[in-house]
Amino acid sequence: MANSREEQLRNNRRLARQLVGAVALILVVIGLFTVLNWCVAALRAALDDSDRRERYADRVYGLVMFDVVPFEDASQVDSSIFRQAAIWGIVYQAQKNGTLDDYERDAQTGSLILPQLEVDTYLTNLLGPDYPLVEGDFETEEFIYTYDEEKQGYLVPVTGSVGLYTPEVQRIWTEAGQTHVTVGYIPTLNNSTSGELSLTAPTEPIKNMDFIFSRGENRQWYLTALQESATQPETAATATPAPTAGMDNPQALVQDNLDSTMTDAAGSSAAIDTQDQAAEDTTSAEDTAPAEDTAPAEDTAEGDTAPEETAPPEEGDTAASEPAE
């Protein structure tokens, strides 16, 4: 009995150890899968910079909208260009977040009143704290912006036809202590500079530009230059024809095509008229030509011969009629 009891206790202890080992093994497997998932997530986050690209696209949205010309030093650019970019960059963000209706409207013009503080904050985040901030009325090629002293904000004519391009960040890399952001320019529906008459806007970039950011205070990156990118979309040469004087105005292009079509039609009609006139002249000539006189054959009875008429000989011809000797 004692041996049986001891053997039973050993079996119980062995079973307990087996259960503990099985649980430990399960926990180890779960831990391995958890660590593996963490590693995959970290690797994916390191390789996927979509969030970073979106942040840079939001920062340069206003500059891309109006296709700002390249510059080597942001401090040498007219402040009205950056202020306009800041205004429409803020408006874009408000539309994106669904908060555009939160802004106050001017009672007389219905324009949106954009606070000067938001414009200054946008410019500081884009160009750095050392960039000089200016307030007051200003004018660009696109709009005239009125500054409301009482409201401390700009009157913005929010419309649905603003901007030539939308940004799409293609690549981000660091070189010589500067961050280069290659941005693709996607034309909007109201951009007629491509020369295409289309009811739908392209969905692929037609050109690339490099935005150069330098490290400033608080280890933040601020825009310092804008350059043409060395890498351009492959479809740029084929999908978008080069702008010409006739293509700047779609209505003029349509009128030119219409005039060309009318000219071709007129030429074809003149050629047809010429061919018809030539055919009529040929027919008239055939009708007026004299017909050959053909005497109908006279029926003669069998054996009847018609006497031949001979002219009487003239004087002097008697010798010819005498028989030869």
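Presented here is an overview of the structure given in this document.

1. Describing a positive patch on the surface
Reasoning step 1: Taken together, the side chains of Arg10, Arg13, Arg14 and Arg17 present a region of like positive charge at the surface.
Reasoning step 2: Under the relative-accessibility criterion, Arg14 is labelled partly exposed at 39%.

2. Some words on the pattern of salt bridges
Reasoning step 1: A complete count under the given rule lists 4 salt bridges for this structure.
Reasoning step 2: We note a salt bridge from Lys207 to Asp67, for which the minimum N-O separation is 2.9 Å. Pair noted here: Lys207 is in strand β7 (residues 207-215) and Asp67 is in the loop between α2 (50-65) and α3 (79-97), with a separation of 140 residues, a long-range link.
Reasoning step 3: Taking the relative accessible area as the measure of exposure, Asp67 reaches 24% and is therefore partly exposed.
Reasoning step 4: Of the charged contacts, one joins Glu104 and Lys151 as a salt bridge, the two residues approaching to 2.9 Å between their closest N and O atoms. Of this pair, Glu104 sits in the loop between α3 and β1 (112-115) while Lys151 sits in the loop between β3 (144-148) and β4 (153-156), and the two are 47 residues apart along the sequence.
Reasoning step 5: By relative accessible area, which is 38% here, Lys151 ends up partly exposed.
Reasoning step 6: By sharing partners, the salt bridges in this structure join Glu54, Asp58 and Lys96 into a single network.

3. Quick look at α3
Reasoning step 1: Taking 1.5 Å per residue as the helical rise, α3 with its 19 residues ought to reach 27 Å, and the 27 Å between its terminal C-alpha atoms agrees with that figure.
Reasoning step 2: In the stretch just after α3, Gly98 is the one whose phi turns positive, near 75°.

4. A short note on the sheet that holds β3
Reasoning step 1: Spatially, 4 strands are ordered β1-β4-β3-β2 in an open sheet, and the strand pairing comes out antiparallel. With one partner strand each, in any of the chains shown, β1 and β2 (138-139) form the two edges of the open sheet.
Reasoning step 2: Strand direction decides the pairing type here: β2 and β3, joined by 2 bridges, are antiparallel. Counted as the bridge partner of Glu139 is Ile144 from β3.
Reasoning step 3: Where helix α4 (residues 116-127) meets the sheet, it contacts β1, β3 and β4, and its direction lies at approximately 55° from that of β1.

5. Remarks on a nonpolar patch on the surface
Reasoning step 1: A cluster of nonpolar side chains, Leu25, Val29, Phe33, Leu36 and Val40, forms an exposed patch at the surface whose accessible area comes to about 460 Å².
Reasoning step 2: Tracing the backbone shows Val29 in helix α1 (residues 2-47).

Analysis parameters
Residues numbered from 1 in each chain as written. Predicted model: local features only at pLDDT ≥ 70, side-chain atom pairs only at ≥ 80, totals over all residues. Heavy atoms only, no water. Patch = residues over 30% accessible without salt bridge, like charges linked within 9 Å, V, L, I, M, F, W, Y side chains within 5 Å. Areas by Shrake-Rupley, 256 points an atom, 1.4 Å probe, with all protein chains shown as cover. Salt bridge = Lys/Arg side-chain N within 4 Å of Asp/Glu carboxyl O. Lys, Arg positive; Asp, Glu negative; His and termini not counted. Charge placed at Lys NZ, Arg CZ, Asp CG, Glu CD. Buried < 20%, exposed > 50% of the residue type's maximum accessible area, 1.4 Å probe, protein only. Helix = DSSP H or I, 4+ residues; strand = E, 2+ residues; numbered from the N terminus. Expected span 1.5 Å × (residues − 1). Pairing = 2+ DSSP bridges. Contact = heavy atoms within 4.5 Å. Axes fitted to C-alpha atoms, helices over the stretch in contact; angles between N-to-C directions.

Everything listed is a geometric property; what it means functionally is a separate question.
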